[in-house]
Amino acid sequence: MKKQMKNYILPLAAVLCAVSLAVMVFALTRQEVQTEMGEFTPPPFDGGAVVGSPAVPEGLGWQELDAKVYKAGICGKFIPKGNTADVWLTNPESNTVWLKVRVLDEKGNTLGETGIIKPGEYVQSVTLDTVPKTGQPIVLKIMAYQPDTYYSEGAVSLNTTISVE
């Protein structure tokens, strides 16, 4: 009887091993990949966007920045008037990305931001939630997105200070 039992143990162990292996392979191939991402709310389009190229007044330091993947036009001189400031953010028609600008203080806090503009559009000003003091350093962070998917195409920052007219 012991000999008969020994004859069954090895094949039974082999079958159990094969079944375990099959279950593991099945579980690994059927497992759904779950990616945990934070809640993303697409930024709105800017209601003040204008189609065309802006006629920027002299003395505001308007320049076109080349971020390799895209270009963006913006003023380097930042002069708040009440709770707005003219930035003349321009998204050249040659771009394939959507742009927006975020105004940050020296600690990285958001002071205000535009909505998204499409290629061939510009927005004159940005509304500020907090108006910084004259001379305070700020960062104008231009952010680019792939159309429709909102995947980031990178950002470029322009360091400047609050100016007076």
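Residues numbered from 1 in each chain as written. Predicted model: local features only at pLDDT ≥ 70, side-chain atom pairs only at ≥ 80, totals over all residues. Heavy atoms only, no water.

Caption draft 1: Region of interest: a nonpolar patch on the surface. On the surface, Val15, Val19 and Val23 cluster together into a nonpolar patch covering about 260 Å² of accessible area. Within the secondary structure layout, Val15 lies in helix α1 (residues 2-30). Owing to a relative accessible area of 49%, Val15 belongs among the partly exposed residues under this scheme. (Patch = residues over 30% accessible without salt bridge, like charges linked within 9 Å, V, L, I, M, F, W, Y side chains within 5 Å. Areas by Shrake-Rupley, 256 points an atom, 1.4 Å probe, with all protein chains shown as cover. Salt bridge = Lys/Arg side-chain N within 4 Å of Asp/Glu carboxyl O. Helix = DSSP H or I, 4+ residues; strand = E, 2+ residues; numbered from the N terminus. Buried < 20%, exposed > 50% of the residue type's maximum accessible area, 1.4 Å probe, protein only.)

Caption draft 2: Highlighting the packing of aromatic side chains. Going through the model one piece at a time under the given rule, you end up with four aromatic pairs. Geometrically, the ring pair formed by Phe45 and Trp98 is edge-to-face, given 4.9 Å between the ring centres and 75° between the ring planes. You can see Phe45 sitting in the loop between α1 and β1 (50-51) and its partner Trp98 sitting in strand β6 (residues 98-105), a full 53 residues away along the chain. Judged by relative accessible area, which is 7%, Trp98 ranks as buried. Arranged with centres 6.3 Å apart and planes meeting at 65°, the rings of Tyr145 and Tyr150 form a pair that is edge-to-face. By relative accessible area, which is 18% here, Tyr150 ends up buried. If you follow Lys118 out to its NZ or CZ, it ends over the ring of Phe45, 5.0 Å from the centre. (Phe/Tyr/Trp six-rings, centres within 6.5 Å; stacked < 30°, edge-to-face > 60°. Lys NZ or Arg CZ within 6 Å of the ring centre and 35° of its normal.)

Caption draft 3: Spatial organisation of the sheet that holds strand β7 (residues 110-113). Judged by pairing direction, the sheet is antiparallel, and its four strands sit side by side in the order β7-β6-β9-β10 without closing on themselves. Both edges of this open sheet fall to β7 and β10 (152-161), since each of them pairs with a single strand only. Each strand of the sheet is rotated relative to its neighbour by a mean of 25°, with strand direction disregarded. (Pairing = 2+ DSSP bridges. Axes fitted to C-alpha atoms, helices over the stretch in contact; angles between N-to-C directions.)

Caption draft 4: Just the pattern of salt bridges, in detail. Within this structure, the stated rule accounts for three salt bridges. Across the pair Asp86 and Lys81 runs a salt bridge, and its minimum N-O distance is 3.9 Å. Under the relative-accessibility criterion, Asp86 is labelled buried at 19%. As a salt-bridge pair, Glu113 and Lys100 come within 2.4 Å of each other at their nearest N and O atoms.

Caption draft 5: Representation of the nonpolar core. In this structure, Ile74, Phe78, Leu89, Leu99, Val103, Leu140 and Ile142 are the most contacted members of the largest nonpolar core, which totals 23 residues. Those elements that place two or more of their residues in this core are β3 (71-75), β5 (84-91), β6, β8 (121-127) and β9 (137-145). When residues in this core are grouped by element, the largest group, four residues, is from β9. If we ignore the near neighbours within four places in the chain, the residues touching Leu140 are Ile74, Cys75, Phe78, Val101, Arg102, Val103, Val156, Ser157, Leu158 and Thr160. (Core = buried A, V, L, I, M, F, W, Y, C linked by side-chain atoms within 4.5 Å. Contact = heavy atoms within 4.5 Å.)

Caption draft 6: Molecular detail of the side chain of Asp105. On the secondary structure map, Asp105 appears in strand β6. Looking at Asp105, its side chain comes within polar contact range of the main-chain nitrogen of Lys107, at 2.9 Å. Setting aside residues up to four positions removed in sequence, Asp105 forms contacts with Leu111, Gln136 and Pro137. (Polar contact = N/O pair within 3.5 Å; in protein donor to acceptor, adjacent residues only side chain to side chain.)

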